[in-house]
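A look at the structure
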Amino acid sequence: MTTIRPVLHHVTMRTSRVSEMVNWYSTVLGAHVMFRNERAAWMTNDEANHRVAFLSAPDITDDPQKHSHNAMHHSAFEYDSFGDLMESYKRLKDEKIEPSFCLDHQMTFSLYYKDPEGNYVELQTDGSYDWKKSGAFMSTPAFAANPVGIFFDPDKVYEAHRSGMDFDAVRDLVRSGAFAPQHTPSIGLGA
Ligand SMILES: [Fe+2]
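In this report, the structure presented in the accompanying data block is examined. (Residues numbered from 1 in each chain as written. Predicted model: local features only at pLDDT ≥ 70, side-chain atom pairs only at ≥ 80, totals over all residues. Heavy atoms only, no water.)

This part is about the packing of aromatic side chains. Tallied over the full model, the rule gives 12 aromatic pairs. Here the aromatic rings of Trp24 and Tyr25 are separated by 4.9 Å at their centres, their planes lie at 70°, and the arrangement is edge-to-face. One exposure class covers both Trp24 and Tyr25, and it is buried. Ring centres of Phe109 and Phe152 lie 4.4 Å apart, and the angle between their planes is 10°; this geometry places the pair in the stacked category. (Phe/Tyr/Trp six-rings, centres within 6.5 Å; stacked < 30°, edge-to-face > 60°. Buried < 20%, exposed > 50% of the residue type's maximum accessible area, 1.4 Å probe, protein only.)

Set out below in structure tokens:
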């Protein structure tokens, strides 16, 4: 029988900070609340009835070893362009929200933010502005040689963007190491 494939719709998190999470996801994603009560909230930033949701209960607590325990690593949201990603980087920086680490994965160009409970949210733009091309890149030896990608300093990349440099030129410099961060950041995998 043919497999009828469903489309990815939403992510729901257990939390003990519903209000903080609502505020953060509202700021970061431009999401708004579709329904909430004292223990839960459902939000969306597009036409879907919800894209992220939060459920709480009195006995839910933080996991101090979250990044070395089995769990989801991140959710991801895509912009149409490098320009939109960079403008959003600046908007969030002005709100004192900065990425934990940034990677040029080549199939995507990505900024990873940590929400109030340490869940990562990846803000990205497609590396080719074309899902078919970026998907095909994943079958190349270049991707196999470095599937994680190349770290970059978002301030350096933002300044290059602001000075008028285009996406391809920025990425050439990322690959050359010109925009490398001072220290290699943690990507939240293990202790
Ligand atoms: Fe990702």
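Further remarks concern the layout of surface pockets. Empty space among the atoms can be located by rolling a probe the size of a water molecule over them. Taken as a whole, the largest pocket encloses approximately 560 Å³ of empty space. In terms of lining residues, the largest pocket is bounded by 21 residues, among which Leu8, Ala76, Phe77, Glu78 and Trp131 are the most central. Ranked by residues supplied to the lining of the largest pocket, first place goes to strand β5 (residues 74-79) with 5 residues. Lining the second largest pocket are 18 residues; nearest its centre among them are Met13, Arg14, Lys66, Ala71 and Asn119. (1 Å grid on protein atoms, 1.4 Å probe; cavity = no way out; pocket = protein on both sides within 12 Å on 5 of 7 lines; lining within 4 Å. Points joined across faces, edges and corners; volume = space filled by probe spheres on them. Helix = DSSP H or I, 4+ residues; strand = E, 2+ residues; numbered from the N terminus.)

A general feature of soluble globular proteins is that nonpolar side chains tend to end up buried together. Ranked by size, the top nonpolar core spans 36 residues in total, and within it Tyr25, Phe54, Phe109, Leu123 and Val157 carry the most contacts. For this core, the element with the most residues is helix α1 (residues 18-29), which contributes 7 residues. (Core = buried A, V, L, I, M, F, W, Y, C linked by side-chain atoms within 4.5 Å.)

We now examine the pattern of salt bridges. Side-chain pairing between opposite charges can occur once the charged atoms of the two side chains come close. Taken as a whole and judged by the stated rule, the model has 9 salt bridges. For the salt bridge of Glu20 with Arg17, the shortest nitrogen-to-oxygen distance reads 4.0 Å. Here Glu98 makes a salt bridge to Lys93, at a shortest N to O gap of 4.0 Å. Look at the salt bridges and you will find they share partners, linking Arg17, Glu20, Asp62 and Glu117 into a network. (Salt bridge = Lys/Arg side-chain N within 4 Å of Asp/Glu carboxyl O.)

What follows concerns the sheet that holds strand β8 (residues 120-126). Backbone hydrogen bonds are what pair the strands of a sheet, in a parallel or an antiparallel way. Strand order in this open sheet of 5 strands is β5-β8-β7-β6-β9, and the pairing throughout is mixed. Among the strands making up the open sheet, the edge pair consists of β5 and β9 (150-151). Relative to β8, strand β7 (residues 108-114) runs antiparallel, the two sharing 7 bridges. Considered in β8, the bridge of Leu111 is made with Leu123. Sheet strands in contact with α1 are β5, β7 and β8, and its direction is about 10° off that of β8. (Pairing = 2+ DSSP bridges. Contact = heavy atoms within 4.5 Å. Axes fitted to C-alpha atoms, helices over the stretch in contact; angles between N-to-C directions.)

Before going further, it helps to examine the coordination of the iron ion. Distances from the iron ion to its protein donors, His74 (NE2) and Glu122 (OE), fall at 2.0 to 2.1 Å. With His74 in strand β5 and Glu122 in strand β8, the pair connects residues that are 48 residues apart, well separated along the chain. The class for Glu122 is buried, based on a relative accessible area of 4%. (Donors = N, O, S within 2.8 Å, 3.2 Å for Na, K, Ca; no water.)

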